[in-house]
Amino acid sequence: MSREYALEPRKVAPVQTEYRTIVTDFPVPESLPILRTLRETEPVAMQGQPPVVWDRAEGFQVYDRWGNRWIDWSSGVLITNAGHGRQEIVDAVVRQAQSHLLTNYCFPSEIRASLVSRIAGLLPAPLEKVFLLTTGSETVECAIKLCRTQALRKYGREKNVIVSYDKAFHGRTLGSQQAGGIPALKDWIVNFDPGFVQIPFPDGFRTEDTSFEGFERALKDLGVQPSQVAGVIMETYQGGSAAFAPKEYMQKLRDWCTNNGALLVCDEVQAGFGRTGTMFGFEHYGIVPDLATFGKGISSSLPLAAVVGRADIMDLHPPGSMTSTHTGNPICCAAALASIDLVVKEDLPGNSRRIGAILHSELKRVQKRFPQIGCVDGKGLVAGVACVKPGTKEPDGDLAFKVNERCIEKGVLLFSPVGLGGGTVKICPPLVINEAATRESVAVLEESFAELVD
Ligand SMILES: Cc1ncc(COP(=O)(O)O)c(C=O)c1O
(Lines give C-alpha, C1' and ligand atoms only; values in the text may rest on other atoms or scores of the structure.)
Protein backbone atom coordinates (compact mmCIF):
# COMPACT_ATOMS: atom_id res chain seq x y z
CA MET A 1 0.00 0.00 0.00
CA SER A 2 1.22 3.51 -0.81
CA ARG A 3 2.39 5.70 1.98
CA GLU A 4 1.09 9.24 2.31
CA TYR A 5 3.37 12.16 1.45
CA ALA A 6 3.60 14.96 4.04
CA LEU A 7 2.30 18.35 2.97
CA GLU A 8 4.47 20.39 5.35
CA PRO A 9 7.11 22.19 3.26
CA ARG A 10 10.70 21.52 4.30
CA LYS A 11 13.95 23.17 3.25
CA VAL A 12 15.86 21.25 0.60
CA ALA A 13 19.26 22.00 -0.91
CA PRO A 14 19.06 23.99 -4.15
CA VAL A 15 20.07 22.12 -7.30
CA GLN A 16 21.19 23.55 -10.64
CA THR A 17 22.59 21.21 -13.29
CA GLU A 18 22.17 20.81 -17.01
CA TYR A 19 19.01 18.77 -16.51
CA ARG A 20 17.69 19.58 -13.01
CA THR A 21 16.67 22.71 -11.14
CA ILE A 22 15.34 22.81 -7.58
CA VAL A 23 14.87 26.32 -6.19
CA THR A 24 12.01 26.02 -3.65
CA ASP A 25 11.14 24.28 -0.42
CA PHE A 26 9.41 20.97 -0.92
CA PRO A 27 6.46 20.51 -1.37
CA VAL A 28 6.38 23.94 -2.96
CA PRO A 29 4.51 26.26 -0.50
CA GLU A 30 2.60 27.94 -3.36
CA SER A 31 1.35 24.53 -4.54
CA LEU A 32 -0.30 23.70 -1.21
CA PRO A 33 -3.75 25.15 -2.08
CA ILE A 34 -3.89 22.83 -5.11
CA LEU A 35 -2.70 19.83 -3.12
CA ARG A 36 -5.16 20.58 -0.29
CA THR A 37 -8.07 20.91 -2.73
CA LEU A 38 -7.19 17.49 -4.10
CA ARG A 39 -6.91 16.00 -0.60
CA GLU A 40 -10.26 17.46 0.42
CA THR A 41 -12.16 16.60 -2.75
CA GLU A 42 -10.73 13.31 -3.98
CA PRO A 43 -10.89 9.95 -2.24
CA VAL A 44 -8.08 9.02 0.13
CA ALA A 45 -7.04 6.42 -2.44
CA MET A 46 -5.64 9.27 -4.57
CA GLN A 47 -3.24 10.38 -1.84
CA GLY A 48 -0.37 8.11 -2.75
CA GLN A 49 0.93 10.56 -5.35
CA PRO A 50 4.15 12.50 -4.79
CA PRO A 51 3.18 16.16 -4.18
CA VAL A 52 4.68 17.59 -7.37
CA VAL A 53 2.17 19.73 -9.27
CA TRP A 54 3.10 19.41 -12.93
CA ASP A 55 2.83 22.48 -15.12
CA ARG A 56 4.33 21.17 -18.33
CA ALA A 57 6.58 18.36 -19.49
CA GLU A 58 8.89 18.07 -22.47
CA GLY A 59 11.02 15.17 -23.65
CA PHE A 60 12.34 13.55 -20.47
CA GLN A 61 11.83 16.58 -18.23
CA VAL A 62 8.97 17.80 -16.05
CA TYR A 63 8.48 21.41 -14.92
CA ASP A 64 6.37 23.04 -12.22
CA ARG A 65 5.21 26.67 -12.15
CA TRP A 66 7.69 27.70 -9.49
CA GLY A 67 10.97 27.18 -11.31
CA ASN A 68 11.67 23.51 -10.51
CA ARG A 69 12.66 21.03 -13.18
CA TRP A 70 13.09 17.28 -12.92
CA ILE A 71 14.59 14.46 -14.95
CA ASP A 72 11.55 12.24 -15.25
CA TRP A 73 11.88 8.61 -14.25
CA SER A 74 8.12 8.01 -14.35
CA SER A 75 6.92 8.70 -17.92
CA GLY A 76 3.67 9.62 -16.14
CA VAL A 77 3.17 6.00 -15.40
CA LEU A 78 5.00 4.41 -18.33
CA ILE A 79 2.93 6.46 -20.76
CA THR A 80 5.25 8.85 -22.54
CA ASN A 81 7.39 6.43 -24.53
CA ALA A 82 7.92 8.97 -27.32
CA GLY A 83 8.67 11.70 -24.77
CA HIS A 84 6.51 14.24 -23.01
CA GLY A 85 4.69 16.94 -24.96
CA ARG A 86 6.09 15.99 -28.35
CA GLN A 87 5.26 18.65 -30.92
CA GLU A 88 4.29 16.02 -33.48
CA ILE A 89 1.70 14.62 -31.07
CA VAL A 90 0.45 18.09 -30.11
CA ASP A 91 0.09 18.99 -33.80
CA ALA A 92 -1.79 15.76 -34.58
CA VAL A 93 -4.18 16.30 -31.66
CA VAL A 94 -4.79 19.95 -32.60
CA ARG A 95 -5.29 19.09 -36.27
CA GLN A 96 -7.82 16.44 -35.37
CA ALA A 97 -9.63 18.71 -32.89
CA GLN A 98 -9.80 21.50 -35.45
CA SER A 99 -11.43 19.16 -37.94
CA HIS A 100 -14.37 19.17 -35.49
CA LEU A 101 -14.57 15.40 -35.37
CA LEU A 102 -14.23 14.93 -31.63
CA THR A 103 -16.11 11.66 -31.36
CA ASN A 104 -17.94 9.31 -33.71
CA TYR A 105 -18.43 5.98 -32.04
CA CYS A 106 -20.29 3.84 -33.07
CA PHE A 107 -19.56 4.79 -36.66
CA PRO A 108 -16.44 4.24 -38.74
CA SER A 109 -13.75 6.88 -39.17
CA GLU A 110 -10.74 7.13 -41.41
CA ILE A 111 -8.38 7.82 -38.54
CA ARG A 112 -9.50 4.67 -36.70
CA ALA A 113 -8.82 2.69 -39.87
CA SER A 114 -5.36 4.28 -40.13
CA LEU A 115 -4.50 3.43 -36.54
CA VAL A 116 -5.64 -0.21 -36.52
CA SER A 117 -3.85 -0.88 -39.80
CA ARG A 118 -0.71 0.88 -38.47
CA ILE A 119 -0.71 -1.32 -35.37
CA ALA A 120 -1.52 -4.47 -37.35
CA GLY A 121 1.40 -3.69 -39.65
CA LEU A 122 3.81 -3.81 -36.71
CA LEU A 123 2.57 -7.10 -35.30
CA PRO A 124 4.20 -10.46 -35.99
CA ALA A 125 2.04 -13.19 -37.52
CA PRO A 126 -0.34 -14.67 -36.52
CA LEU A 127 -1.43 -11.53 -34.63
CA GLU A 128 -3.47 -9.60 -37.13
CA LYS A 129 -6.64 -8.07 -35.68
CA VAL A 130 -6.77 -4.99 -33.47
CA PHE A 131 -9.60 -3.87 -31.17
CA LEU A 132 -9.25 -0.39 -29.71
CA LEU A 133 -10.34 0.39 -26.17
CA THR A 134 -9.61 3.13 -23.66
CA THR A 135 -7.85 1.64 -20.63
CA GLY A 136 -5.52 -1.24 -19.92
CA SER A 137 -8.01 -2.82 -17.51
CA GLU A 138 -10.59 -2.95 -20.29
CA THR A 139 -8.15 -4.76 -22.56
CA VAL A 140 -7.50 -7.36 -19.87
CA GLU A 141 -11.24 -7.87 -19.36
CA CYS A 142 -11.60 -8.36 -23.10
CA ALA A 143 -8.71 -10.84 -23.25
CA ILE A 144 -10.25 -12.87 -20.40
CA LYS A 145 -13.58 -12.87 -22.24
CA LEU A 146 -11.92 -14.11 -25.42
CA CYS A 147 -10.02 -16.87 -23.59
CA ARG A 148 -13.17 -18.14 -21.97
CA THR A 149 -15.22 -17.80 -25.14
CA GLN A 150 -12.88 -19.88 -27.24
CA ALA A 151 -12.62 -22.52 -24.50
CA LEU A 152 -16.39 -22.66 -24.09
CA ARG A 153 -17.07 -22.93 -27.80
CA LYS A 154 -14.37 -25.50 -28.53
CA TYR A 155 -14.24 -27.58 -25.37
CA GLY A 156 -17.23 -26.82 -23.12
CA ARG A 157 -17.88 -25.24 -19.73
CA GLU A 158 -15.30 -27.20 -17.76
CA LYS A 159 -12.47 -25.40 -19.53
CA ASN A 160 -12.71 -22.03 -17.84
CA VAL A 161 -9.62 -21.50 -15.68
CA ILE A 162 -7.59 -18.34 -16.18
CA VAL A 163 -4.06 -18.85 -14.89
CA SER A 164 -2.08 -15.78 -13.90
CA TYR A 165 0.81 -14.97 -11.59
CA ASP A 166 1.45 -14.01 -7.98
CA LYS A 167 2.21 -10.30 -7.56
CA ALA A 168 0.80 -9.52 -11.02
CA PHE A 169 -1.10 -6.32 -11.70
CA HIS A 170 -3.60 -6.29 -14.55
CA GLY A 171 -5.88 -3.40 -13.56
CA ARG A 172 -8.58 -2.53 -11.06
CA THR A 173 -11.83 -3.81 -12.57
CA LEU A 174 -13.49 -6.98 -11.28
CA GLY A 175 -12.01 -9.44 -13.76
CA SER A 176 -8.61 -7.80 -14.06
CA GLN A 177 -8.23 -7.72 -10.26
CA GLN A 178 -9.12 -11.40 -10.01
CA ALA A 179 -6.40 -12.09 -12.54
CA GLY A 180 -4.10 -9.90 -10.43
CA GLY A 181 -1.83 -11.51 -7.88
CA ILE A 182 -1.79 -8.93 -5.08
CA PRO A 183 -4.14 -10.23 -2.35
CA ALA A 184 -4.44 -6.88 -0.53
CA LEU A 185 -5.97 -5.27 -3.63
CA LYS A 186 -8.78 -7.77 -3.94
CA ASP A 187 -10.14 -8.41 -0.44
CA TRP A 188 -13.22 -6.45 -1.45
CA ILE A 189 -14.19 -9.03 -4.07
CA VAL A 190 -15.28 -11.45 -1.33
CA ASN A 191 -16.93 -13.97 -3.71
CA PHE A 192 -14.06 -14.99 -5.90
CA ASP A 193 -14.60 -16.66 -9.23
CA PRO A 194 -12.99 -20.10 -8.66
CA GLY A 195 -11.84 -20.04 -12.27
CA PHE A 196 -9.01 -17.61 -11.49
CA VAL A 197 -5.81 -19.07 -10.06
CA GLN A 198 -2.36 -17.60 -9.50
CA ILE A 199 0.95 -19.37 -9.52
CA PRO A 200 4.50 -18.20 -8.63
CA PHE A 201 6.21 -15.94 -11.17
CA PRO A 202 9.64 -17.36 -12.08
CA ASP A 203 11.63 -14.20 -11.32
CA GLY A 204 14.70 -15.98 -9.93
CA PHE A 205 14.72 -13.72 -6.86
CA ARG A 206 11.60 -14.35 -4.82
CA THR A 207 10.78 -17.53 -6.73
CA GLU A 208 14.06 -19.38 -7.00
CA ASP A 209 12.71 -22.24 -9.06
CA THR A 210 12.46 -20.77 -12.54
CA SER A 211 11.99 -24.10 -14.31
CA PHE A 212 8.86 -24.75 -16.33
CA GLU A 213 8.25 -27.81 -14.17
CA GLY A 214 7.40 -25.24 -11.48
CA PHE A 215 4.43 -24.13 -13.62
CA GLU A 216 3.11 -27.66 -14.00
CA ARG A 217 3.67 -28.42 -10.32
CA ALA A 218 1.90 -25.24 -9.21
CA LEU A 219 -1.17 -26.13 -11.27
CA LYS A 220 -1.18 -29.65 -9.86
CA ASP A 221 -0.90 -28.32 -6.31
CA LEU A 222 -3.94 -26.12 -7.00
CA GLY A 223 -5.88 -29.14 -8.30
CA VAL A 224 -6.13 -27.69 -11.82
CA GLN A 225 -5.93 -30.09 -14.76
CA PRO A 226 -4.36 -28.78 -17.99
CA SER A 227 -7.65 -29.60 -19.75
CA GLN A 228 -9.41 -27.02 -17.54
CA VAL A 229 -7.20 -24.09 -18.52
CA ALA A 230 -8.79 -21.57 -20.89
CA GLY A 231 -5.93 -19.10 -20.83
CA VAL A 232 -2.68 -18.04 -19.22
CA ILE A 233 -2.25 -14.32 -18.81
CA MET A 234 0.99 -12.72 -17.75
CA GLU A 235 2.55 -9.32 -17.66
CA THR A 236 5.44 -9.59 -20.13
CA TYR A 237 7.54 -8.39 -17.19
CA GLN A 238 6.10 -8.03 -13.70
CA GLY A 239 5.15 -4.41 -13.14
CA GLY A 240 5.95 -4.58 -9.43
CA SER A 241 9.56 -5.68 -9.90
CA ALA A 242 10.34 -5.32 -13.63
CA ALA A 243 11.30 -9.04 -13.57
CA PHE A 244 11.16 -11.11 -16.76
CA ALA A 245 10.61 -14.86 -16.85
CA PRO A 246 13.40 -17.00 -18.33
CA LYS A 247 13.23 -17.37 -22.11
CA GLU A 248 13.20 -21.16 -21.88
CA TYR A 249 10.28 -21.08 -19.46
CA MET A 250 8.29 -18.90 -21.84
CA GLN A 251 9.03 -21.08 -24.83
CA LYS A 252 7.82 -24.10 -22.90
CA LEU A 253 4.77 -22.17 -21.75
CA ARG A 254 4.02 -21.25 -25.36
CA ASP A 255 4.11 -24.93 -26.35
CA TRP A 256 2.13 -26.00 -23.30
CA CYS A 257 -0.67 -23.55 -24.17
CA THR A 258 -0.77 -24.75 -27.78
CA ASN A 259 -0.79 -28.40 -26.75
CA ASN A 260 -3.53 -27.90 -24.17
CA GLY A 261 -5.90 -25.68 -26.14
CA ALA A 262 -5.27 -22.71 -23.83
CA LEU A 263 -4.61 -19.19 -25.06
CA LEU A 264 -1.44 -17.35 -24.07
CA VAL A 265 -2.00 -13.67 -23.35
CA CYS A 266 0.86 -11.22 -22.88
CA ASP A 267 -0.28 -8.14 -21.00
CA GLU A 268 1.93 -5.54 -22.68
CA VAL A 269 0.17 -2.54 -21.17
CA GLN A 270 3.56 -1.57 -19.70
CA ALA A 271 5.91 -3.46 -21.96
CA GLY A 272 4.70 -2.45 -25.41
CA PHE A 273 5.98 0.09 -27.92
CA GLY A 274 9.67 0.08 -27.20
CA ARG A 275 9.85 0.21 -23.41
CA THR A 276 12.04 -2.87 -22.99
CA GLY A 277 14.36 -2.33 -25.97
CA THR A 278 12.21 -4.17 -28.51
CA MET A 279 8.97 -2.96 -30.06
CA PHE A 280 7.03 -5.57 -28.07
CA GLY A 281 8.24 -7.11 -24.84
CA PHE A 282 7.37 -10.67 -25.85
CA GLU A 283 10.08 -10.50 -28.54
CA HIS A 284 12.64 -11.10 -25.77
CA TYR A 285 11.18 -14.56 -25.32
CA GLY A 286 11.21 -15.51 -29.00
CA ILE A 287 7.49 -16.28 -28.83
CA VAL A 288 4.25 -14.83 -30.15
CA PRO A 289 1.24 -14.95 -27.81
CA ASP A 290 -2.30 -15.60 -29.02
CA LEU A 291 -3.46 -12.27 -27.65
CA ALA A 292 -1.66 -9.18 -26.40
CA THR A 293 -2.96 -6.13 -24.59
CA PHE A 294 -1.60 -2.60 -24.94
CA GLY A 295 -2.22 0.76 -23.28
CA LYS A 296 -0.10 3.47 -21.67
CA GLY A 297 2.85 3.93 -24.10
CA ILE A 298 0.73 3.26 -27.18
CA SER A 299 -0.16 6.97 -27.43
CA SER A 300 2.43 8.65 -25.17
CA SER A 301 -0.47 10.84 -24.07
CA LEU A 302 -4.24 10.46 -24.44
CA PRO A 303 -6.24 7.44 -23.20
CA LEU A 304 -6.16 4.66 -25.74
CA ALA A 305 -5.62 0.92 -25.40
CA ALA A 306 -5.82 -2.11 -27.67
CA VAL A 307 -6.27 -5.86 -27.69
CA VAL A 308 -4.58 -7.59 -30.58
CA GLY A 309 -4.76 -11.21 -31.56
CA ARG A 310 -5.23 -14.05 -33.96
CA ALA A 311 -8.17 -13.46 -36.26
CA ASP A 312 -9.94 -16.70 -35.28
CA ILE A 313 -9.97 -15.58 -31.65
CA MET A 314 -10.69 -11.90 -32.19
CA ASP A 315 -13.64 -12.81 -34.42
CA LEU A 316 -15.36 -15.07 -31.88
CA HIS A 317 -18.01 -12.51 -30.98
CA PRO A 318 -20.65 -11.36 -33.50
CA PRO A 319 -21.11 -7.82 -34.83
CA GLY A 320 -21.91 -5.27 -32.14
CA SER A 321 -20.96 -7.48 -29.21
CA MET A 322 -17.56 -6.03 -28.27
CA THR A 323 -18.09 -2.30 -27.86
CA SER A 324 -16.96 0.52 -25.64
CA THR A 325 -18.14 4.11 -25.97
CA HIS A 326 -14.77 5.77 -26.40
CA THR A 327 -13.24 3.10 -28.63
CA GLY A 328 -11.24 4.74 -31.39
CA ASN A 329 -11.90 8.30 -30.27
CA PRO A 330 -10.47 10.30 -33.18
CA ILE A 331 -8.31 12.61 -31.07
CA CYS A 332 -6.86 9.66 -29.15
CA CYS A 333 -6.27 7.84 -32.45
CA ALA A 334 -4.45 10.89 -33.82
CA ALA A 335 -2.23 10.98 -30.73
CA ALA A 336 -1.49 7.26 -30.93
CA LEU A 337 -0.66 7.41 -34.64
CA ALA A 338 1.73 10.31 -34.10
CA SER A 339 3.35 8.57 -31.15
CA ILE A 340 3.80 5.26 -32.96
CA ASP A 341 5.32 7.15 -35.91
CA LEU A 342 7.86 8.73 -33.54
CA VAL A 343 8.66 5.42 -31.84
CA VAL A 344 9.36 3.85 -35.24
CA LYS A 345 11.03 6.82 -36.99
CA GLU A 346 13.36 7.62 -34.11
CA ASP A 347 14.05 3.96 -33.35
CA LEU A 348 13.09 4.44 -29.74
CA PRO A 349 13.24 0.70 -29.03
CA GLY A 350 16.90 0.99 -30.12
CA ASN A 351 17.48 3.98 -27.81
CA SER A 352 15.81 2.06 -25.01
CA ARG A 353 18.18 -0.85 -25.63
CA ARG A 354 21.32 1.31 -25.82
CA ILE A 355 20.58 3.68 -22.93
CA GLY A 356 18.96 0.83 -21.01
CA ALA A 357 22.26 -1.06 -21.10
CA ILE A 358 23.96 1.93 -19.46
CA LEU A 359 21.13 2.32 -16.93
CA HIS A 360 21.30 -1.33 -15.91
CA SER A 361 25.08 -1.48 -15.64
CA GLU A 362 25.05 1.69 -13.50
CA LEU A 363 22.30 0.28 -11.29
CA LYS A 364 24.22 -2.97 -10.82
CA ARG A 365 27.21 -0.91 -9.75
CA VAL A 366 25.08 0.95 -7.19
CA GLN A 367 23.59 -2.33 -6.01
CA LYS A 368 27.08 -3.65 -5.15
CA ARG A 369 27.56 -0.69 -2.81
CA PHE A 370 24.35 -1.11 -0.81
CA PRO A 371 23.20 -4.38 0.83
CA GLN A 372 19.79 -2.66 1.08
CA ILE A 373 19.35 -3.29 -2.67
CA GLY A 374 18.36 -6.93 -2.97
CA CYS A 375 17.88 -7.07 -6.70
CA VAL A 376 17.84 -4.95 -9.85
CA ASP A 377 15.53 -6.23 -12.55
CA GLY A 378 14.28 -5.14 -15.96
CA LYS A 379 15.41 -4.61 -19.55
CA GLY A 380 15.77 -1.54 -21.71
CA LEU A 381 14.37 1.55 -20.06
CA VAL A 382 12.50 -0.15 -17.28
CA ALA A 383 14.16 -1.13 -14.03
CA GLY A 384 13.02 -2.17 -10.58
CA VAL A 385 15.35 -1.57 -7.65
CA ALA A 386 14.18 -3.85 -4.83
CA CYS A 387 14.85 -2.38 -1.39
CA VAL A 388 15.26 -5.09 1.24
CA LYS A 389 16.32 -5.49 4.87
CA PRO A 390 20.03 -6.32 4.42
CA GLY A 391 20.80 -10.01 4.24
CA THR A 392 17.15 -10.91 3.59
CA LYS A 393 14.60 -10.71 0.77
CA GLU A 394 12.14 -8.91 3.02
CA PRO A 395 10.98 -5.77 1.21
CA ASP A 396 11.81 -2.45 2.89
CA GLY A 397 8.94 -0.20 1.85
CA ASP A 398 10.00 2.54 4.27
CA LEU A 399 13.42 2.81 2.70
CA ALA A 400 11.99 2.75 -0.84
CA PHE A 401 9.63 5.57 0.13
CA LYS A 402 12.45 7.66 1.62
CA VAL A 403 14.64 7.06 -1.43
CA ASN A 404 11.77 8.13 -3.64
CA GLU A 405 11.20 11.35 -1.65
CA ARG A 406 14.91 12.15 -1.55
CA CYS A 407 15.32 11.67 -5.31
CA ILE A 408 12.36 13.95 -5.98
CA GLU A 409 13.81 16.64 -3.71
CA LYS A 410 17.02 16.42 -5.71
CA GLY A 411 15.31 16.74 -9.08
CA VAL A 412 14.68 13.17 -10.23
CA LEU A 413 10.98 12.40 -10.47
CA LEU A 414 9.57 8.97 -9.64
CA PHE A 415 6.07 7.73 -8.93
CA SER A 416 5.65 6.19 -5.50
CA PRO A 417 7.29 2.81 -4.94
CA VAL A 418 5.52 -0.30 -6.19
CA GLY A 419 5.71 -4.06 -5.79
CA LEU A 420 5.81 -6.37 -2.81
CA GLY A 421 5.58 -4.32 0.41
CA GLY A 422 5.99 -1.14 -1.64
CA GLY A 423 9.70 -2.00 -1.74
CA THR A 424 10.50 -1.40 -5.41
CA VAL A 425 11.83 1.89 -6.71
CA LYS A 426 10.68 1.77 -10.31
CA ILE A 427 12.67 3.55 -13.01
CA CYS A 428 11.02 4.13 -16.38
CA PRO A 429 12.06 7.35 -18.12
CA PRO A 430 10.69 8.42 -21.50
CA LEU A 431 12.52 6.49 -24.22
CA VAL A 432 14.09 9.72 -25.52
CA ILE A 433 16.35 10.12 -22.48
CA ASN A 434 20.06 10.51 -23.25
CA GLU A 435 23.19 9.01 -21.70
CA ALA A 436 24.22 12.10 -19.72
CA ALA A 437 20.80 12.52 -18.07
CA THR A 438 20.71 8.78 -17.34
CA ARG A 439 24.09 8.85 -15.62
CA GLU A 440 23.18 12.04 -13.75
CA SER A 441 19.93 10.56 -12.47
CA VAL A 442 21.53 7.30 -11.33
CA ALA A 443 24.09 9.42 -9.43
CA VAL A 444 21.14 11.08 -7.66
CA LEU A 445 19.74 7.66 -6.73
CA GLU A 446 23.14 6.60 -5.40
CA GLU A 447 23.53 9.83 -3.41
CA SER A 448 20.03 9.33 -1.95
CA PHE A 449 20.79 5.78 -0.82
CA ALA A 450 24.09 6.95 0.64
CA GLU A 451 22.44 9.74 2.65
CA LEU A 452 19.79 7.39 3.97
CA VAL A 453 21.75 4.26 4.83
CA ASP A 454 25.50 5.01 5.13
C1 LIG B 1 0.49 -4.65 -16.91
C2 LIG B 1 -0.72 -3.79 -16.70
N3 LIG B 1 -1.91 -4.22 -17.11
C4 LIG B 1 -3.03 -3.48 -16.98
C5 LIG B 1 -2.99 -2.26 -16.34
C6 LIG B 1 -4.24 -1.45 -16.17
O7 LIG B 1 -4.23 -0.37 -17.02
P8 LIG B 1 -5.20 0.88 -16.76
O9 LIG B 1 -4.71 1.56 -15.52
O10 LIG B 1 -5.03 1.72 -18.00
O11 LIG B 1 -6.57 0.35 -16.61
C12 LIG B 1 -1.77 -1.77 -15.89
C13 LIG B 1 -1.68 -0.46 -15.22
O14 LIG B 1 -0.78 -0.13 -14.52
C15 LIG B 1 -0.60 -2.55 -16.06
O16 LIG B 1 0.60 -2.13 -15.65
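Residues numbered from 1 in each chain as written. Predicted model: local features only at pLDDT ≥ 70, side-chain atom pairs only at ≥ 80, totals over all residues. Heavy atoms only, no water.

Q: Account for the site of the ligand, naming residues and giving values.
A: Around the ligand, the surrounding shell consists of Thr-135, Gly-136, Ser-137, Phe-169, His-170, Gly-171, Glu-235, Asp-267, Val-269, Gln-270 and Lys-296. Here a nitrogen atom of the ligand and a side-chain polar atom of Asp-267 are 2.7 Å apart. Here an oxygen atom of the ligand and a side-chain polar atom of Lys-296 are 3.0 Å apart. The protein chains hide 81% of the 390 Å² of surface that the ligand would expose on its own. Each residue belonging to the shell around the ligand can be placed in one class, and the counts come to two nonpolar, six polar and three charged. (Near = heavy atom within 4 Å. Polar contact = N/O pair within 3.5 Å; in protein donor to acceptor, adjacent residues only side chain to side chain. Areas by Shrake-Rupley, 256 points an atom, 1.4 Å probe, with all protein chains shown as cover. Nonpolar A, V, L, I, M, F, W, Y, C, P; charged D, E, K, R; others polar.)

Q: Provide a residue-level description of the sheet that holds strand E14 (residues 383–387), including the pertinent values.
A: Across the sheet, three strands lie side by side as E13-E14-E16; this open sheet has antiparallel pairing. Edge positions in the sheet fall to strand E13 (373–377) and strand E16 (424–427), since each has one partner strand and no second. Within this sheet the neighbouring strands show an average axis-to-axis angle of 15 degrees, counted without direction. In this sheet, E14 lies alongside E13 in antiparallel orientation, the contact comprising four bridges. In the sheet register, Asp-377 faces E14, and the bridge partner there is Gly-384. Sheet strands in contact with helix H13 (residues 435–453) are E13, E14 and E16, and its direction is about 5 degrees off that of E14. (Pairing = 2+ DSSP bridges. Helix = DSSP H or I, 4+ residues; strand = E, 2+ residues; numbered from the N terminus. Axes fitted to C-alpha atoms, helices over the stretch in contact; angles between N-to-C directions. Contact = heavy atoms within 4.5 Å.)

Q: Would you mind going over the packing of helix H7 (residues 213–221) against helix H8 (residues 247–259) in detail, with residue names and values included?
A: Taken N-terminus to C-terminus, the directions of H7 and H8 make an angle of 50 degrees; their axes are 9 Å apart at the nearest point. By the angle between their axes, H7 is oblique relative to H8. Contact residues: H7 offers Glu-213, Phe-215, Glu-216 and Leu-219, while H8 offers Tyr-249, Lys-252, Leu-253 and Trp-256. For the contact of H7 with H8, the class distribution of residues is five nonpolar, no polar and three charged. (Parallel < 35°, antiparallel > 145°, perpendicular 65-115°, else oblique.)

Q: Lay out the packing of aromatic side chains in plain terms, naming residues and giving numbers.
A: Throughout the structure, instances matching the rule amount to 14 aromatic pairs. Members of the aromatic cluster, each reached through a chain of ring pairs, are Phe-212, Phe-215, Tyr-249 and Trp-256. Positioned above the aromatic ring of Tyr-155 is the side chain of Lys-159, whose terminal nitrogen or guanidinium carbon lies 5.0 Å from the ring centre. (Phe/Tyr/Trp six-rings, centres within 6.5 Å; stacked < 30°, edge-to-face > 60°. Lys NZ or Arg CZ within 6 Å of the ring centre and 35° of its normal.)

Q: A description of the pairing of E16 should follow, citing residues and the corresponding values.
A: Side chains Thr-424 and Lys-426 project from E16 onto one buried face, and the interleaved Val-425 and Ile-427 project onto a second face that is buried too. Pairing of E14 with E16, which is carried by four bridges, proceeds in the antiparallel orientation. From the neighbouring strand, Ala-383 faces E16, where its bridge partner is Ile-427. (Buried < 20%, exposed > 50% of the residue type's maximum accessible area, 1.4 Å probe, protein only.)

Q: Tell me about the sheet that holds strand E9 (residues 229–235), residues and numbers included.
A: Reading across the sheet, the seven strands line up as E6-E12-E11-E10-E9-E7-E8 and stay open at both edges, with mixed pairing between neighbours. At either margin of the open sheet sits one strand with a lone partner, and together these are strand E6 (127–133) and strand E8 (196–199). Neighbouring strand axes in the sheet, compared pairwise and without regard to direction, differ in orientation by 20 degrees on average. Relative to E9, strand E7 (residues 161–165) runs parallel, the two being bridged by three bridges. Within the sheet, the bridge partner assigned to Val-161 lies in E9 and is Val-229. The sheet strands contacting helix H5 (residues 136–155) are E6, E7, E8, E9, strand E10 (263–267), strand E11 (291–294) and strand E12 (305–310), and the helix crosses E11 at an angle near 165 degrees.

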